[in-house]
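# Observations on chain architecture
Now for the letters of each chain:
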There are 2 protein chains.
Amino acid sequence: PDPQDLDLEILETVMRQLDASRMREDLRELSREPHLSSSPRDEALVQLLLQRWRDPVSGLDAAEAPQYEVLLSFPSQEQPNLVEVVGPTGDILHTCRQREEDLTGEQGGPDVVPPYAAYGPPGTPQGLLVYANQGTEEDFKELQIRGIKLEGTIALTRYGGAGRGAKAVNAAKHGVAGVLVYTDPADINDGLSLPNETFPNSWHLPPSGVERGSYYEYFGDPLTPYLPAKPSSFRLDLTNVSGFPPIPTQPIGFQDAKDLLCNLNGTSALATWQGALGCDYKLGPGFRADGDFSADSQVKVSVYNRLELRNSSNVLGIIRGAVEPDRYVLYGNHRDSWVHGAVDPSSGTAVLLEVSRVLGTLLKKGTWRPRRSLVLASWGAEEFGLIGSTEFTEEFFSKLQERTVAYINVDISVFANATLRVQGTPPVQSVVFSATKEIRSPGTGDLSIYDNWIQYFNRSSPVYGIVPSLGSLGAGSDYAPFIHFLGISSMDIAYTYDRSKTSARIYPTYHTAFDTFDYVDKFLDPGFSSHQAVARTAGSVLLRLSDSFFLPLNVSDYSETLRSFLQAAQQDLGALLEQHGISLGPLVTAVEKFEAAAEALGQHISALQKGSPDTLQVRMLNDQLMLLERSFLNPRAFPEERYYSHVLWAPRTGSTVTFPGLANACSTAKDTDPGSEAWAEVQRQLSIVVAALEGAAATLRPVADL
Amino acid sequence: PDPQDLDLEILETVMRQLDASRMREDLRELSREPHLSSSPRDEALVQLLLQRWRDPVSGLDAAEAPQYEVLLSFPSQEQPNLVEVVGPTGDILHTCRQREEDLTGEQGGPDVVPPYAAYGPPGTPQGLLVYANQGTEEDFKELQIRGIKLEGTIALTRYGGAGRGAKAVNAAKHGVAGVLVYTDPADINDGLSLPNETFPNSWHLPPSGVERGSYYEYFGDPLTPYLPAKPSSFRLDLTNVSGFPPIPTQPIGFQDAKDLLCNLNGTSALATWQGALGCDYKLGPGFRADGDFSADSQVKVSVYNRLELRNSSNVLGIIRGAVEPDRYVLYGNHRDSWVHGAVDPSSGTAVLLEVSRVLGTLLKKGTWRPRRSLVLASWGAEEFGLIGSTEFTEEFFSKLQERTVAYINVDISVFANATLRVQGTPPVQSVVFSATKEIRSPGTGDLSIYDNWIQYFNRSSPVYGIVPSLGSLGAGSDYAPFIHFLGISSMDIAYTYDRSKTSARIYPTYHTAFDTFDYVDKFLDPGFSSHQAVARTAGSVLLRLSDSFFLPLNVSDYSETLRSFLQAAQQDLGALLEQHGISLGPLVTAVEKFEAAAEALGQHISALQKGSPDTLQVRMLNDQLMLLERSFLNPRAFPEERYYSHVLWAPRTGSTVTFPGLANACSTAKDTDPGSEAWAEVQRQLSIVVAALEGAAATLRPVADL
Ligand SMILES: [Ca+2]
Ligand SMILES: [Ca+2]
Ligand SMILES: [Zn+2]
Ligand SMILES: [Zn+2]
Ligand SMILES: [Zn+2]
Ligand SMILES: [Zn+2]
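Reference entry: report on the structure contained in this document. This one's a predicted model, so the numbers in the text were calculated from it and none came from an experiment. (Residues numbered from 1 in each chain as written. Chains lettered and ligands numbered in written order. Predicted model: local features only at pLDDT ≥ 70, side-chain atom pairs only at ≥ 80, totals over all residues. Heavy atoms only, no water.)

### Brief notes about the environment of Leu-45 of chain B
Residues and elements named next belong to chain B.
- Assignment of secondary structure puts Leu-45 in helix α3 (residues 40–53).
- With a relative accessible area of 1%, Leu-45 lands in the buried category.
- Residues Leu-45 and Gln-570, 525 residues apart in the sequence, show an inter-C-alpha distance of 51 Å.
- Leaving out residues up to four positions away in the same chain, Leu-45 has contacts with Leu-30, His-35 and Arg-335. (Helix = DSSP H or I, 4+ residues; strand = E, 2+ residues; numbered from the N terminus. Buried < 20%, exposed > 50% of the residue type's maximum accessible area, 1.4 Å probe, protein only. Contact = heavy atoms within 4.5 Å.)

Take a look at the structure:
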C-alpha cells in the first residue's frame, strides 16, 4: 500500500546479512585466473554473474549479457614487445624483462598478458635515452630549455602527473620517437624497492612489477563515438580515430628503469624530478661513458601491439520496482581486469555480488521488493576506456536519461583500510551521509563510518559546518558516461588510505600481475571488514534511493558548490575578466536564483513531508530532484571534449575549482589580444553556464510558475 | 477526485461558447494598426494580451511578458530603398514604387513599413538585368548553360521554388550583384492582375502589393544561437553570423516587375519560367532596344537596411493543472505582423484570445480546472525568424523538454474557407481526428470537420484505411523550435483552400499592406465561421491533451510513418546502397522492433483502460507517450543544421519522403568515389537513425525490461 517507503527493518537486515567471508570467497573465485577483457575467463565470469543473478534462491528478477563489438588493443603473442640497450656496433647490451617475475606462481601463466601500453602504435624506434620526469608539457619544455635535443630520442618517463596517453602526445610534439613509462618507488612504495621490502613480503610493488593501462585519451569504443558498438554500427576509419598515442610506448618495471636511468649521461635533473632508485637522475641524452653501457648506446623500443575487434559483454540484472518500476537506481562495476585483478576490479565485483545476493534472497523469499527498479551492471572492457558502460549509455540514452535516479559505482572497493572515500555530485552527499552515520566503521570501536571518514577527509561547509568532503568525479571509472554524458547524479564509493601513512599514488600492485587474492587477503583487507563496510555503504545508499518515498537527493546542496565555484571565479578570474570588460554580474544573479529556488523547494519538501502527500505529488517533486542534474547538460558546450556535456564537471585545465568552461576559456584567452576569438569564447562560456544555472533554477521553481 | 478525466460536458460547453463574432471584433482590434515586431503598437498588443489574460472574469491564473534583446532588420526611414532603371547617360528612366498604392486608406500610414528584404545587406549594386525564374540553383545553372554572363548583373526572380534567402545565396555564387523578387500573378492570383480583378475588388493581390519577409536562412535570434537572447548574453560578432543574404535584395510588386521583365532583351525563357504578366519573358541580360528603355540601361538596386538590437516580448499565460501541474500543454501563436497582419498572424491571435476567454471564464467561475497545466503564448518577432519562440525554448530547454506534452500552433488560422489543414507529427494524429469528428464543419450541412477534411486531404493508411492526411512540420512557424530543437510532439492547425479552385502559393495579400481586417471580413472568412471551426478544433485538442487521464498521444501511429520511410528508402536508395555494400537490414530490424514495441504498448494501454489503473500507473504510461518524441532527438546528428536535432523531421534536400539524414547523405555521396568521406557519412547517418529507432523502441517496451 502506497506510500511504500524505506523500511528500516529491511535496511537493518540487509546491513546484517552482508557477509565479509562470502566476499572473501567470491573474490577468491573472481581473481583465480586472469580475466582480461573479452578473454575466455572474462566470458566465464559473465556466466558466473548470470548464474548468480538468475539463481532461484538469491537471484534477481532477470539478467542478461548483451555484447558490443569493440576495438581493443593487445600485444602480439608471436612477437613480444621488447626494450633493449643497443651498443654502437649493434650488440644488445641489456634487455628489459618481458614479463613480471613469477614470485607467487601466478605471474608465469599463459593468460598473464605481458606489460604493454594499450592502443600504443606498433613500431621499433631506436635513439638516445632522455629522462623526461612525468612527461608533462612542462617537463618537455624544461628539457628543451636545458638545450637537450629531443628529436629522435627515447623518453623515459614515470607514471603520474599526466595521463598515460598524454606522455606520448607531449613527447611526440618534441620529435621524441618512443616513450618508456615506469613506476618510481618514490611514487608508489614510499621509497622502498628491495625484494624483501616488497610483495609478497609486504604490500609494496616488486621491482619487476609493471602498471599496464589504456593509453587512449578518450573513453568509449574508439571506432563508434556517440553510437552503440553494435556489429552493424558505423565505424570510423582508423585514419580518422584520434586519441591514440602517436608514437610507440612501452611500460617497464623500476628494476629495468633503474638500469637505464642510473646510467644516463648529462646534467642532473631537478630535485623534483629525482626518485628513489638510489642514484642521481641525469637527463641524458644517452648513457655516460663510465656506466654499464658504452656512451653511444641507444635504446630500442619494439612494440608489436595489434588492434582487434572483440566482443565484450556487459551483464545486466534487474529487480523490478513495485511502485515506480520506471525509475531506475543503477549500481555497477566493471568485470574485466588486466591480470587477476583481485583489487581492480574484483574487490568491487565481490561487493556487487554480495549486495545482489542479500537483496536477491529477500526478493525471492517475498520479503521485499523495492519501490523503484534496481539495475545492477557488470561492465566489460572498462580497462580499455570505460567501453562497456559507455556503449550502454549510447544504446539506451533516452531511456536512461528519462528514468535514472542515480548511478552508484564501486570499482576498487578497498584501496586500503583507513577510511571511506566518496566521489560524487552534490545531490548524493546527503544520502551518503545518512547511510554512513548508521554503519559502524571497521576497527574503530564504536565510530560510525561517517565519524571515521570525517577525520580523514573533511571540509568546512557554510551550511553544515565540518562535514566529510566528497571528491569530484573525473573519468577514472564507469561513472564517467553517466555523469558527463547523461547528466545522472553519480557516485563512486571505496575504502582507502590514511594519507599520513603513505604517499603511494595508488595501491602499489595496481594493474600488475601481483594484484592477486593473497595480496588482498594478507595486506589490503585481512578479514574483509573494509569490503563489508563498502558493501554496507553501497547497499544502504542503494536501498535509500530505491525505497524512499521522497527521493533522498538533496539538490540544495548544489547551492554550496555553485557559490564556491562563483567565489573562486571572482577571486581568481574576476580581475582578468574586468580588465576585458566582462562582468560576472549575470553569473552572480544566476547563482542567487538557483539558491533561492533550491531554498524554496526545500521548504516545499518539508511542508509535504509534514502533511500526507499523495503519490503523484511526491512523484512530481521527485522528478524535479531526479532531473536537476540533467539541466546542467549542454551537448554543445564543449564540442571538442567527447562525451563531456555537464557544464559543471567537464575537465578543467587549471587549478581553480570553478566553472570549467569559463576557467579553461580564460586560460586560453589570457595571452591573446582583447578582440580575439579566444575572448569571445570566454563570453560564450560565461553565457553557457549562466543559461544552465538559470535553466536549472527554473526546474526547481514551483512547477506551474511561468 | 482522481482519476480526473476529460469532462465531455465541459468540452461541449467550450465548443458552444467559442464565438465567431467575438473573434471578428478581436481581429478588428488586433489588426487596426500595423504592429511590426518591437514597434509601439506591438507592445500595445502585449498589454492587450496581458490585460485579457489577467482579467478577473475571463483571465488565466497568471500572465507575464518577458523580453529578449534580439537582432532585427529594418529599412532606413531617411533613405528609402529604391529600384531604378538607369540609362546609359545616368538618367533615371524608371523608378519602382517605394510603397504600395493606398487603395483602402490603410496603406499610406507612417507605420506601414515599406517593402524590404529583412536582413538583406545594404548596398547599391547596378548592372544589367537578367530574369532568373525562382532563383534556384537549377535556374542559375540554366542561365549559365545558355551562355548568359551573370557576373555583375541584377537578377529578377519570383517568389516560390526556393526560400527567400536562398535566391540571393544562389545568385551570389554566380557573381550576381543584386536580387529583385516579385510575386507573379500566375503564382498568386491564378493569373489575374488588373486593378478591377484584385483587392479591394476581390481577394487577389493588387499590382502594387509586395510580399515582405525575412531573408535570414536559420531561425532564432541571429546573434545568440543556442543561448537565450538576454541582455547579458554572449552575442556573435556580426562577421561571424552566417545565414544573411550575401548581396543586396529588394522585393517589388508585379506592376513594377512587369515594366522590367517585359522590356528584357535576349532569348525567351523556358515555358515553365513564363508567368502571367502578359508578355514573353526573356532572359536578358539588359533591355531590348525597341522597348521602354534604351538598350544599355541598367537596373540600380539601392538598399539601406539597418540591423538593430530591439526588445521583443513574448506574452505567456498559464492555467495551473489541478492534478499534474508539471505537465504542460502549450498553445501559441506569434503576435507581430509585417503590416496590419489581419490574416498573418492576427487571425490566429483572435482564435487564441477566444479560446483563452472561454477557458478563462470557466476557470474563474470555478467550473473547471485542467488536469495538466495549460501554457498559452503570444510570441514576438516571428516574422524575422521565429525569434520569440526560439529564445523561449533556449531559455527553458530542460524544463520544457522534461514536462511538455505537446505544442499546438495556430498562426494564420484561416487561409481560406474550404477545409481544415493540419501539420503534425504522428502522435497527434489521433487526437486531432477525435476532436474533428465531433465538430460540425461550417457551410457543409451536417458534415463534421473530419468528414469535410477527408475530402480535400486524404491518404490510404495501411492501419485505418482512408483517413485525412496530416502534413509534416517544416519551419514555417513557431512550432519549429518545439519539434526540431526540443523534440516535443507538435501541430499546426488552420483552415485552407480548395486546391481545385486556386493554385495560389498562399493567400494573395500575404505579408503585404493589403492584409487587413476588411480583407478577412469580406473575402477570407465572412461570418468568421472558419475561425470558429479552427478555434473549436484547437480548443478541443487542447482540452483533450490537458484533461484526459490517459494522454491521447497515439505513439503507435509512428509505426506507419517509419514503415513508409523504410519502404521509400528501400525503393529509392536500396539499390544504390547495395552497390556500395551498405545494407538496410539493421534499419529493417529497428523498424520491426519499434512496431513490435508500439503494438505491445497499445495492448498494455487497452488492458489498463479496461481495469481500474491507479494514478501512478497511468502517469508512468503517459510519460512513455509524452517522451517518445524526445527519443528521436540527436543533437549531434546534423551539426550544420542549426536547431535541427530530430532525426526524422530534419530538412530533406530530395523528394523521397524518407529518413532525412540518410537521404541527404546519399544524395551527397552518390557521385563520389566508394571510399569517400561522403559514403562514410551515409553509413554514419544510417547508424544514427537505427540507434534512434532502437532507442525509441526501448522507451516503449515495458519499463522494467532490461
Ligand atoms: Ca560507441
Ligand atoms: Ca538565441
Ligand atoms: Zn577498475
Ligand atoms: Zn583499472
Ligand atoms: Zn505567421
Ligand atoms: Zn508571416
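That shown, we press on.
### A look at the coordination of the zinc ion (ligand 4)
Residues and elements named next belong to chain A.
- Protein-derived ligands of the zinc ion (ligand 4) are Asp-344 (OD), Glu-383 (OE), Glu-383 (OE) and His-511 (NE2), with the metal-ligand distances lying across 2.0 to 2.4 Å.
- Every donor counted, the four donor atoms about the zinc ion (ligand 4) form angles of 57 to 149° at the centre, which fits irregular coordination.
- Sequence spacing among the residues donating to the zinc ion (ligand 4) works out to D-x38-E-x127-H.
- Separating the zinc ion (ligand 4) and the zinc ion (ligand 3) is a distance of 3.4 Å, and Asp-344 donates to both of them. Here His-511 lies in the loop between β21 (490–496) and α14 (517–524) and Asp-344 lies in helix α8 (residues 342–365), a separation of 167 residues in the sequence.
- Judged by relative accessible area, which is 5%, Asp-344 ranks as buried. (Donors = N, O, S within 2.8 Å, 3.2 Å for Na, K, Ca; no water. Tetrahedral: all angles 85-135°; square planar, octahedral: opposite > 155°, others 65-115°.)

### Quick notes on the sheet that holds strand β6 (residues 126–127) of chain A
Residue and element names in this part refer to chain A.
- The sheet built from four strands is open, its strands ordered β4-β3-β12-β6 with antiparallel pairing. Looking along the sheet, the strands with just one partner apiece sit at the ends: β4 (92–95) and β6.
- One ladder, built from three bridges, connects strand β3 (residues 82–86) with β4; its direction is antiparallel. Opposite Glu-84, over in β4, you have Thr-95 as the bridge partner. (Pairing = 2+ DSSP bridges.)

### Let's talk about the interface of chain A and chain B
- Tallying the contact residues gives 59 residues for chain A and 59 residues for chain B.
- Between chain A and chain B, a total of about 4,700 Å² is buried, with carbon and sulfur atoms accounting for 62% of that surface.
- The largest per-residue losses of area from chain A upon contact with chain B belong to Phe-234, Arg-636 and Leu-706 of chain A, which jointly make up 17% of the total buried on that side.
- Scanning the region where chain A abuts chain B turns up six salt bridges.
- Of the charged contacts, one joins Asp-623 of chain A and Arg-327 of chain B as a salt bridge, the two residues approaching to 3.6 Å between their closest N and O atoms.
- For the pair chain A and chain B, the number of links is 18 residue pairs in polar contact (both at pLDDT 80 or more).
- Those elements that place two or more of their residues in the side of chain A that touches chain B are β1 (62–64), β14 (315–319), β15 (324–334), β16 (372–379), α10 (397–403), α18 (615–628) and α20 (677–700) of chain A.
- Considering every element that reaches the side of chain A that touches chain B, the biggest residue donor is α20 of chain A, with 11 residues.
- In terms of residue class, the side of chain A that touches chain B is built from 26 nonpolar, 14 polar and 19 charged. (Buried area = accessible area lost by both parts, 1.4 Å probe. Salt bridge = Lys/Arg side-chain N within 4 Å of Asp/Glu carboxyl O. Polar contact = N/O pair within 3.5 Å; in protein donor to acceptor, adjacent residues only side chain to side chain. Nonpolar A, V, L, I, M, F, W, Y, C, P; charged D, E, K, R; others polar.)

### Considering the nonpolar core
- Counting residues in hydrophobic clusters, the biggest one holds 463 residues, and the most contacted among them are Leu-648 of chain A together with Leu-648 of chain B.
- Those residues in contact with Leu-648 of chain A that sit more than four places away from it in its chain are Tyr-558, Leu-562, Phe-565, Phe-632, Phe-659, Pro-660, Val-689 and Leu-693 of chain A. (Core = buried A, V, L, I, M, F, W, Y, C linked by side-chain atoms within 4.5 Å.)

### With respect to the state of the cysteines
Residues and elements named next belong to chain A.
- On inspection of all chains with the given rule, the structure shows two disulfides over all chains.
- Note that Cys-262 is cross-linked by a disulfide to Cys-279, the S-S spacing being 1.9 Å. With the S-S bond torsion at -80°, the cross-link from Cys-262 to Cys-279 turns out left-handed. Remark: Cys-279 occurs in the loop between α7 (254–261) and β12 (298–302) and Cys-262 occurs in the loop between α7 and β12; sequence separation between them is 17 residues. (Disulfide = S-S within 2.5 Å.)

### A word on the pattern of salt bridges
- Counting across every chain of the model gives 74 salt bridges over all chains.
- A salt bridge links Arg-440 of chain A to Asp-446 of chain A; its shortest N-O distance comes to 3.6 Å.
- Given a relative accessible area of 54%, Arg-440 of chain A falls into the exposed group.
- The class of Asp-446 of chain A is exposed, set by a relative accessible area of 66%.
- Taking the shortest distance from any N to any O, the salt bridge between Glu-595 of chain B and Arg-563 of chain B comes out at 2.8 Å. Here Arg-563 of chain B lies in helix α16 (residues 557–579) and Glu-595 of chain B lies in helix α17 (residues 585–610), a separation of 32 residues in the sequence.
- Classification of Arg-563 of chain B by relative accessible area gives partly exposed; the value is 25%.

### What about the coordination of the calcium ion (ligand 2)?
Residues and elements named next belong to chain B.
- Looking at the calcium ion (ligand 2), the protein donor atoms are Thr-224 (O), Thr-224 (OG1), Leu-227 (O), Glu-391 (OE), Glu-391 (OE), Glu-394 (OE) and Glu-394 (OE), and they sit 2.2 to 3.1 Å from it.
- Going along the chain, you hit the donors of the calcium ion (ligand 2) in the pattern T-x2-L-x163-E-x2-E. Considered together, Thr-224 and Leu-227 belong to a single accessibility category, that of buried residues.

### As for the relation of the copies chain A and chain B
- By a simple turn and slide, chain A fits onto chain B: the slide is 0.0 Å along the axis, the RMSD is 0.0 Å, and the turn is 180°. Such a combination of rotation and displacement between the chain copies is what one expects of a two-fold axis. Distance from the rotation axis, computed per C-alpha, reaches its smallest value in chain A at Leu-616 of chain A: 3.2 Å.
- Here 100% of the contact residues of chain A are again contact residues in chain B; the copies associate through an equivalent surface. (Least-squares fit on C-alpha atoms with pLDDT ≥ 70 in both.)

### Topic: unusual backbone geometry
- Cis geometry marks the peptide bond from Phe-199 of chain B to Pro-200 of chain B, where omega comes out at 10°.
- Cis rather than trans, the peptide bond between Asp-344 of chain B and Pro-345 of chain B has omega equal to 10°.
- Mapped onto the elements of the fold, Pro-345 of chain B is located in helix α8 (residues 342–365).
- The phi torsion at Phe-528 of chain A lies on the positive side, around 60°, for a residue other than glycine.

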